[in-house]
Structure formats: C-alpha cells, structure tokens
Amino acid sequence: MKFILDENLSHETAAFLEALGHDAKTAVQLGLSGVDDEKIALRASRAKRILITLDADFGEIFYSASKNPLWVVVMRLRNQTVESVNHTLVQLLNSRVLSRKENRNALVIVEEGKIR
C-alpha cells in the first residue's frame, strides 16, 4: 500500500511501514512541510496514497473534498508515541480495512481497540 504520513507522525513510522513492505513517505519527505492540510490531502488524493494523521481536522477536509477521492486514516490515540502508533498501525493493517475496495474513498477513524 502507498501512504503519506502527516507532519505529526514520525519518520520512524514511515520507516516502520517501509520495513513491512509498504511505500510510505512523510509530508516532509515530499516537500510538504508547513503547507496547508488541504494541499497535503490533495497530494495524497492525486498520488492515490492513504493519508495517515493524528489531526482530526482531516475529517472535515475529507467531507469537503468532493472532486477528488481521498482516503484518510485519523488516529485518535491517547498514547501518541512512535511505538504506540506503529502498534496501532499493525492492528489496522491486520484488520484488512485498508484492503477493501469500497474504502478507496473513505475516512477511517482509529482509536485504541476500535476502528470505524
């Protein structure tokens, strides 16, 4: 799978996803440091990448992005350490939610022990 990680996620998480066989880039790696969230979402949409973020504002951006399909994973975690984020991403990947074609234009909310 192809991912863009928002600025609020570590490059260590991108490396972790790469080690699992995914194509993961951070917003910083793509030259998107400090840009508006809408531009990051547009880049993810155009590149057909799943956007992973800790920023709940991307939920609003998802609902207002009518032209371009957008796949956003908002992680609402109390513990936002790299280890916790990586552990939660493994659970998400194992759930197969991201493999379903009907979710190609979706907002996925991930909380501790819950995916919706």
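Shown above is the structure to which this text applies.
Figured I'd write up the structure that's included with this text. The structure presented is a predicted model; accordingly, all values stated were derived computationally and were not measured. (Residues numbered from 1 in each chain as written. Predicted model: local features only at pLDDT ≥ 70, side-chain atom pairs only at ≥ 80, totals over all residues. Heavy atoms only, no water.)

Digging into the sheet that holds strand 1 (residues 2–5)
One open sheet accounts for six strands, arranged 2-1-3-4-5-6; its pairing is mixed. Of all the strands in the sheet, just strand 2 (23–26) and strand 6 (114–115) have a single pairing partner and so form its edges. As defined by bridge partners, strand 5 (residues 107–111) adjoins strand 6 across two bridges and the pair is classed as antiparallel. Opposite E111, over in strand 6, you have K114 as the bridge partner. Across the face of the sheet, helix 3 (residues 57–64) comes into contact with strand 3 (50–53), strand 4 (72–76) and strand 5 while running at roughly 155° to strand 4. Along the sheet, helix 4 (residues 82–95) contacts strand 1, strand 3, strand 4, strand 5 and strand 6; its crossing angle with strand 4, the most-contacted strand, is approximately 135°. (Pairing = 2+ DSSP bridges. Helix = DSSP H or I, 4+ residues; strand = E, 2+ residues; numbered from the N terminus. Contact = heavy atoms within 4.5 Å. Axes fitted to C-alpha atoms, helices over the stretch in contact; angles between N-to-C directions.)

Description of the environment of F16
The topology assignment puts F16 in helix 1 (residues 11–19). For F16, a relative accessible area of 26% puts it in the partly exposed group. Between the C-alpha atoms of F16 and E83, which are 67 residues apart in sequence, the distance is 9.9 Å. Those residues in contact with F16 that lie beyond four places of it in its chain are N86 and V90. (Buried < 20%, exposed > 50% of the residue type's maximum accessible area, 1.4 Å probe, protein only.)

A look at the pattern of salt bridges
For the structure shown, the criterion picks out five salt bridges. Among the salt bridges present, the one from E112 reaches R78, with a minimum N-O distance of 3.8 Å. Here E112 is found in the loop between strand 5 and strand 6, whereas its partner R78 is found in the loop between strand 4 and helix 4, with 34 residues between them in sequence. The class of R78 is exposed, set by a relative accessible area of 75%. Among the salt bridges present, the one from E111 reaches R116, with a minimum N-O distance of 3.5 Å. With relative accessibility at 21%, the residue E111 sits in the partly exposed group. A relative accessible area of 48% means that R116 is categorised as partly exposed. Each of E18, D23, K25 and R49 takes part in one network of salt bridges that share partners. (Salt bridge = Lys/Arg side-chain N within 4 Å of Asp/Glu carboxyl O.)

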